[in-house]
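# Structure assessment
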Amino acid sequence: MTSSSAPSRKALSKIAQNRLQKELVEWQVNPPVGFKHKVTDNIQRWVIEVNGAPGTLYANETYQLQVDFPEHYPMEAPQVIFLPPAPLHPHIYSNGHICLDILYDSWSPAMTVSSICISILSMLSSSTTKQRPADNDRYVKNCKNGRSPKETRWWFHDDKV
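Residues numbered from 1 in each chain as written. Predicted model: local features only at pLDDT ≥ 70, side-chain atom pairs only at ≥ 80, totals over all residues. Heavy atoms only, no water.

### Some points on the overall build of the protein
Tallying secondary structure elements over the protein gives three helices and four strands in all. The linear arrangement of helices and strands in the protein, starting from the amino end, is α-β-β-β-β-α-α. Going through the 161 residues of the protein one by one, you find that 46% of them count as buried. Within the protein, residue pairs in contact and separated by at least 24 positions form 63% of the contacts whose partners lie at least 6 positions apart. (Helix = DSSP H or I, 4+ residues; strand = E, 2+ residues; numbered from the N terminus. Buried < 20%, exposed > 50% of the residue type's maximum accessible area, 1.4 Å probe, protein only. Contact = heavy atoms within 4.5 Å.)

Shown next as structure tokens:
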């Protein structure tokens, strides 16, 4: 999925709007280290610059995350993908989809954009190899036509990377 394709979205609920406004203010006051929110006029889609942590395979590298918020955020997880080019990582597909349990099955309304970012940076930082998932080509082929990563039945079996 690229930045030009977007999941069909309904307008944010009042609860979601209030929550995102609160998170945005908190981000401006206390942004997570290594991340920069790229300001736009669309509160329902955030683009976040990710800087690889020093001393890791991704040091001095910069990537962009796209976060799309659903109508019922935070009761429903946002869709989070890397915009091209996605980092080479065993849990990140070449189309930007991220295999990380907190984005799907383990989502909690207590999580925030900041906590998602910290989890993604931790995942990147703990990697010992730069490579695509073994099933990258098959998965990406099956995701043609803008399929959302939230439509995937993820199998979370590797917590070492």
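Moving on from the model shown.
### Brief notes about the packing of aromatic side chains
Overall, the coordinates contain six aromatic pairs when judged by the stated rule. Ring geometry for Tyr63 versus Phe82: centroids 6.2 Å apart, planes at 85°, classification edge-to-face. Of this pair, Tyr63 sits in strand β3 (residues 62-68) while Phe82 sits in strand β4 (residues 79-82), and the two are 19 residues apart along the sequence. There is no split in this pair, since Tyr63 and Phe82 are both buried. Measuring from ring centre to ring centre gives 4.9 Å for Phe69 and Tyr73, while their planes differ by 70°; the resulting arrangement is edge-to-face. On the basis of relative accessible area, Phe69 is assigned to the buried category, the value being 1%. (Phe/Tyr/Trp six-rings, centres within 6.5 Å; stacked < 30°, edge-to-face > 60°.)

### So, the sheet that holds strand β1 (residues 35-38)
In a beta sheet, neighbouring strands are held together by backbone hydrogen bonds and run either parallel or antiparallel to one another. Here we have four strands laid out as an open sheet, ordered β1-β2-β3-β4, and antiparallel in their pairing. Whereas interior strands pair on both sides, the edge strands pair on one side only; in this sheet they are β1 and β4. With direction set aside, neighbouring strand axes in the sheet form an average angle of 25°. Across the sheet, helix α1 (residues 14-29) lies against β1 and β2 (45-51), angled at about 30° from β2, the strand it touches most. Sitting on the sheet, helix α2 (residues 113-126) touches β1, β2, β3 and β4, and the angle it makes with β2 is about 35°. (Pairing = 2+ DSSP bridges. Axes fitted to C-alpha atoms, helices over the stretch in contact; angles between N-to-C directions.)

### Digging into the UniProt feature "active site" (unreviewed entry) in the protein
Feature annotation in UniProt places "active site" (unreviewed entry) on Cys99, given in this structure's numbering. For Cys99, the location among the structural elements is in the loop between β4 and α2. A relative accessible area of 13% means that Cys99 is categorised as buried. (UniProt positions renumbered as here; feature names shortened; annotations may be inferred.)

### Points about the pairing of β3
The buried fraction of β3 is high, at five of seven residues. Pairing of β2 with β3, which is carried by seven bridges, proceeds in the antiparallel orientation. Its bridge partner lying in β3, Arg45 is registered against Asp68. Note that β3 and β4 share four bridges and pair antiparallel. Pairing of Asp68 across the sheet is with Gln79, part of β4.

### Overview of unusual backbone geometry
With an omega of 5°, the peptide bond running from Tyr73 to Pro74 counts as cis. Note that Pro74 resides in the loop between β3 and β4. The omega angle of the peptide bond from Pro84 to Pro85 is -5°, so this bond is cis rather than trans. Inspection of the secondary structure puts Pro85 in the loop between β4 and α2. Look at Asn60: it is not a glycine, yet its phi comes out positive at around 65°. In this structure, Asn60 sits in the loop between β2 and β3. With a relative accessible area of 81%, Asn60 lands in the exposed category.

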